[in-house]
Each structure stands twice: as C-alpha cells, then as structure tokens.
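# Topology and contacts: notes
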Amino acid sequence: MSKIIAFTNQKGGVGKTTSAANIGAGLARAGHRVLLVDLDPQVNLTHGLGLLDAEFNVYGALLHEYKVKAYPIQERLALIAGSPTLSSFEKVKGDELDREFLLKDLLEPLHERCDYILLDCPPALGLITLNAYACATDLYIPLEAQLYATEGLEKVLEMVARVKRRLNPGLKVGGIFFTRFDSRKVLRRETAEVVRDKYPDLVLTSTIREAIALGEAPHLGQDIFSYAPTSAGAADYETLVKEILTR
Ligand SMILES: Nc1ncnc2c1ncn2[C@@H]1O[C@H](COP(=O)(O)OP(=O)(O)O)[C@@H](O)[C@H]1O
Ligand SMILES: [Mg+2]
C-alpha cells in the first residue's frame, strides 16, 4: 500500500503546491516512487512542473471519460495533471451516492506502482478536498505564520475529525509546518510559538524559509533541487522530507 499524503489548508498562498512539488521531488531523489496528483482547478502544480498542455487530466479520469494517465516528470516522479474543469466537480458529482470516494477508487489500481501518492488540494474544504481526505493516510498542513493562520488550521482539524468519524477512520494528521518563514518578523515568530504551544505534537521541527528561488523554480517548470540545489529552499525541503520519512 502506498502512503497517500494530502497537502491541505483552506487558505491559498500558504505553500501547498510548492510543498507538494518539492517534497515529491525530494522523496523521488531519496529513492521512492512518487505520484503527484493536482487537485486544484488553478493547476499550479501541473504548470509548475512544466506540463502545459496535458491531454488527460484527473477530472476526465474521475468522470470516466478516459483511463487515468500519469505523466513522467523525472526518474521515479510522475504527475496526474489537474484541470480548470475540476471546479465543476462538486456540481457534476455532488448528488452521487459514493461522491466522497471517487478519487479513492481512481487511485486504487496505482498503489502497486508507487510508494507515495501526494495530493495537492485546492484552497477550500469542498468535495474535492473531501475526496482527498477520504483516501489519504496522512495530511500535512503548511501554514504561513501570520495573524489568522490558526483559524484556517482549526477548520481543517475540525473537518479531519468529521472525516475520521464518517469516511476514513485511519486518517492522521502527519504534521503542521511553517512555510515562507521570516524569523526577522516578530509577528511571525510569535504566531509560530502560539501554534507550537497549542499543538506541540503536530508542529514539525523543519521550517521552510521565505526564499526567492522557491518562487522562481516553477516558472521554469522545475523543482527546487534541479533549479537551485544549493539554495536555502532546497536545504529546507530536504530537511522536511527527512522529517516526514520519520513520521
Ligand atoms: N518558501 C517560499 N518562499 C518564497 N515564495 C514561496 C515560498 N513558498 C511558496 N512561495 C510562493 O508563494 C506563492 C503561493 O505558494 P503556493 O505553493 O502556490 O501556495 P498554495 O498552493 O497554498 O496556494 C507562489 O507564488 C509560490 O511560488
Ligand atoms: Mg496551490
């Protein structure tokens, strides 16, 4: 069985996609077979890995228009592309009896081919995210240390509790980690401390610093290890990958 990790936060711009791409690349470099799934209608993950005109995407596969297709990105790393049409998923599938398990069914035959499946969730707690939570083994929550960060976090944790009760008893929160961290900003430092105090077992030791190269790499269709192997961003994601492997 592969481990299925969902990167989730109902807030946008906190580093879900950046983390999915770079943790995926980091796990692949460490020798694991990784499948990324772009579940956001904004398709940032797909485009950021250089796949600009995917003919087959996760939405068409979920609707059984064609068989699921994973595009090779690099050695041991493949991607199921996203699509802007994912925004219709809830409207089209919302009345189906097994609507929360469509992604789970789609991914089942792929397990034997990968060690990790990483899901890049949209910034909303709708049906797509529910599908991700219903099939995930572990959730990781990237958090930007700033005012109101904890509100989003509490909503996610509430939803996790409900999903565990109803849909996926085995779901666990693998961890919360801070992204875009700037230790020079006092507010950020203090917010991080508040979250650490409240959820001591959930907050990871690794933190991703604010780093320009992390924003640049997807514009060239690359992960941080290919684009800037000696950068702070590469070092931070490498440390985070190691920590995730211990959890
Ligand atoms: N650690 C970081 N340092 C600098 N820029 C970052 C960092 N993490 C993410 N970004 C940039 O911030 C923006 C939002 O990140 P993204 O991963 O797309 O967030 P989300 O998927 O949660 O919406 C993107 O432009 C991304 O390149
Ligand atoms: Mg995103």
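What counts and how
Residues numbered from 1 in each chain as written. Chains lettered and ligands numbered in written order. Predicted model: local features only at pLDDT ≥ 70, side-chain atom pairs only at ≥ 80, totals over all residues. Heavy atoms only, no water. Salt bridge = Lys/Arg side-chain N within 4 Å of Asp/Glu carboxyl O. Buried < 20%, exposed > 50% of the residue type's maximum accessible area, 1.4 Å probe, protein only. Core = buried A, V, L, I, M, F, W, Y, C linked by side-chain atoms within 4.5 Å. Contact = heavy atoms within 4.5 Å. Patch = residues over 30% accessible without salt bridge, like charges linked within 9 Å, V, L, I, M, F, W, Y side chains within 5 Å. Areas by Shrake-Rupley, 256 points an atom, 1.4 Å probe, with all protein chains shown as cover. Helix = DSSP H or I, 4+ residues; strand = E, 2+ residues; numbered from the N terminus. Pairing = 2+ DSSP bridges. Axes fitted to C-alpha atoms, helices over the stretch in contact; angles between N-to-C directions.

For the rest of this paragraph, the subject is the pattern of salt bridges. Throughout the structure, instances matching the rule amount to eleven salt bridges. Residues Arg99 and Glu100 are paired through a salt bridge, measuring 3.6 Å at the closest nitrogen-oxygen approach. Here Asp182 ties to Arg184 by a salt bridge, and the two come within 3.0 Å at their closest N and O atoms. Under the relative-accessibility criterion, Asp182 is labelled buried at 11%.

When a protein is soluble and globular, its nonpolar side chains tend to lie buried together. With 52 residues, the main nonpolar core has Val37, Val58, Leu103, Leu107, Leu119 and Tyr133 as its most contacted residues. Not counting the four nearest positions on each side in its chain, Val58 is found in contact with Val37, Asp38, Leu39, Ile80, Ala81, Gly82, Leu86, Leu103 and Leu106. Judged by nonpolar contacts, the second largest core, of 34 residues, contains Ala25, Leu27, Tyr116 and Phe225.

Okay, a nonpolar patch on the surface next. A cluster of nonpolar side chains, contributed by Leu147, Tyr148 and Leu187, occupies part of the molecular surface with about 330 Å² of accessible area. Looking at where Leu187 falls in the secondary structure, it is placed in helix α8 (residues 186-198).

All right, on to the sheet that holds strand β3 (residues 71-74) then. Hydrogen bonds along the backbone pair up the strands of a sheet, which may run parallel or antiparallel. Spatially, the seven strands line up as an open sheet ordered β3-β4-β2-β5-β1-β6-β7, and their pairing is mixed. Only two strands of the sheet have a single neighbouring strand rather than two, namely β3 and β7 (172-179). The sheet shows a mean angle of 25 degrees between the axes of neighbouring strands, direction not considered. Where helix α7 (residues 149-166) meets the sheet, its contacts fall on β6 (138-144) and β7, and the angle it forms with β6 comes to roughly 170 degrees.

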